Amino acid sequence: MPDGPVGSAGDIPVEVLTHGKEYLAALPTYGPKLEQAWTAGQRAWLKLSSDSKLIVADKSEHYIYVDQPELAVESIERVTAQAAGDQPAQ
């Protein structure tokens, strides 16, 4: 049986990282629409938890973990520590 849609994740800590550099502008046919859809999806993820925040990776395009690996690692460490109760919400 497949999982159904998620309506709420309660107060589970969530950090959504988004790119700060434009990278879809080179694709004028569908780049802007894809960017809008991607942004809408990120907003939907943020709404799932009452403990969520958006982090902009100013120096990154799509592959944040390649362009700014330290930012990705810090985010993972923060969220896991908070979920484990080792760190208060920020």
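Described below are features of the structure shown in this document. As the structure is a prediction and not an experimental result, all values here were calculated from the model. (Residues numbered from 1 in each chain as written. Predicted model: local features only at pLDDT ≥ 70, side-chain atom pairs only at ≥ 80, totals over all residues. Heavy atoms only, no water.)

### A closer look at the pairing of strand 1 (residues 14–19)
The buried fraction of strand 1 is high, at five of six residues. Here six bridges tie strand 1 to strand 2 (residues 52–57), and the two strands are oriented parallel to one another. Bridge assignment links T18 to a residue of strand 2, and that residue is V56. One crossover worth recording links strand 1 to the parallel strand 2 by way of helix 1 (residues 31–47), and it is right-handed. (Buried < 20%, exposed > 50% of the residue type's maximum accessible area, 1.4 Å probe, protein only. Helix = DSSP H or I, 4+ residues; strand = E, 2+ residues; numbered from the N terminus. Pairing = 2+ DSSP bridges. Right-handed = clockwise from strand over helix to strand, strands pointing away.)

### Examining the pattern of salt bridges
Applying the stated rule across the entire model yields two salt bridges. Among the ionic pairs, E15 bridges to K53, the shortest N-O distance being 3.8 Å. Residue E15 is found in strand 1, and its partner K53 is found in strand 2; the two are separated by 38 residues along the sequence. The exposure class assigned to K53 is partly exposed, which follows from its relative accessible area of 28%. Between E15 and R78 there is a salt bridge; the shortest N-O distance is 2.8 Å. Linking E15 in strand 1 with R78 in helix 3 (residues 69–83), this pair joins segments that are 63 residues apart in sequence. Across the pair, exposure class does not vary: E15 and R78 are buried alike. (Salt bridge = Lys/Arg side-chain N within 4 Å of Asp/Glu carboxyl O.)

Distances and angles like these do not, on their own, reveal function.
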